[in-house]
Amino acid sequence: HYCPAMAFGQVERFISMIGVVGIGAKKLSLLNIDSIEDLYNLSVAQIESTSGFGRKTAQSLFDQLRSRIRSINEGVLLAAIAPAMIGEKTAVLIVGHIPIEELFGDEPVDPSRLSSIKGIGPEKQKQLLSFHRQGKNLLRLLREHGLEIKTAAKSSESSSSAGEVICLTGHGPKTRTEYESLISAKGWR
């Protein structure tokens, strides 16, 4: 069954998780979109023609949607596209055992592989398995827009700072959640 609030929540969660900044829920709701697919099908002109968006904001959203998925941490990506029950910690746990490309490959992953992961209960397994087709389609769509998945192996090879722990203190121009999303997108904690 389709629920508009849940559909919007998934889009809002996706934008937040991949680290898009400057576009809050209020602005996002003006776009009148129902899915991540709808979001990526928008042109700069369509965004700009929406009341509340100027040329600069429209271009920024369009560009960020593409740049933020280049070299994205696979745990962050799974948390961004997965059903709501799969948070970032659970997503990182899952991709530590089953790469996202395999999880949403041509065939659904064997349920016994999910059940062997400590902390992934029957309900989360069920949600992930029923999400297979949608996850596969989202990965295909995002690849068309520049998706490059940074796996744990790739991030440790390509960056000496992989696995770094960042401590946030004080105040800055962004919210704590925005900083946390940007830090997670880099593969840091």
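Refer to the structure presented above.
Because the structure is a prediction, the values reported are computed rather than measured.

Draft legend 1. Inspection of the nonpolar core at higher detail. Core analysis: the biggest nonpolar cluster contains 50 residues, and Phe14, Leu78 and Ile81 have the highest contact counts within it. If you list the elements that add at least two residues to this core, you get α1 (4-18), α3 (36-41), α4 (44-48), α5 (55-67), α6 (74-81), α7 (88-95), α8 (100-103) and α11 (132-144). Leu78 has contacts with Ala91, Ile94, Val95, Ile100, Leu103, Phe104 and Leu128, leaving out every residue within four places of it along the chain.

Draft legend 2. Expanded view of α7. Buried within α7 we find Thr90, Ala91, Ile94 and Val95. For α7, the buried positions fall inside an angular range of 125° around the axis, keeping them on one side. Residues of α7 that are buried sit in contact with α6, α8 and α10 (122-130).

Draft legend 3. View of the environment of Glu102. By the element assignment, Glu102 lies in helix α8. The residues contacting Glu102, other than those within four sequence positions of it, are Glu107 and Arg113.

Draft legend 4. Spotlight on unusual backbone geometry. Of note in this structure, Asn32 is not a glycine but carries a positive phi near 55°. Its location among the elements puts Asn32 in the loop between α2 (25-30) and α3. Note on Asn32: relative accessible area 68%, which makes it exposed. Here the phi dihedral of Ser71 falls at roughly 60°; this positive angle occurs in a residue that is not glycine. Assignment of secondary structure puts Ser71 in the loop between α5 and β1 (72-73).

What counts as what
Residues numbered from 1 in each chain as written. Predicted model: local features only at pLDDT ≥ 70, side-chain atom pairs only at ≥ 80, totals over all residues. Heavy atoms only, no water. Core = buried A, V, L, I, M, F, W, Y, C linked by side-chain atoms within 4.5 Å. Buried < 20%, exposed > 50% of the residue type's maximum accessible area, 1.4 Å probe, protein only. Helix = DSSP H or I, 4+ residues; strand = E, 2+ residues; numbered from the N terminus. Contact = heavy atoms within 4.5 Å. Arc of directions from axis to C-beta.

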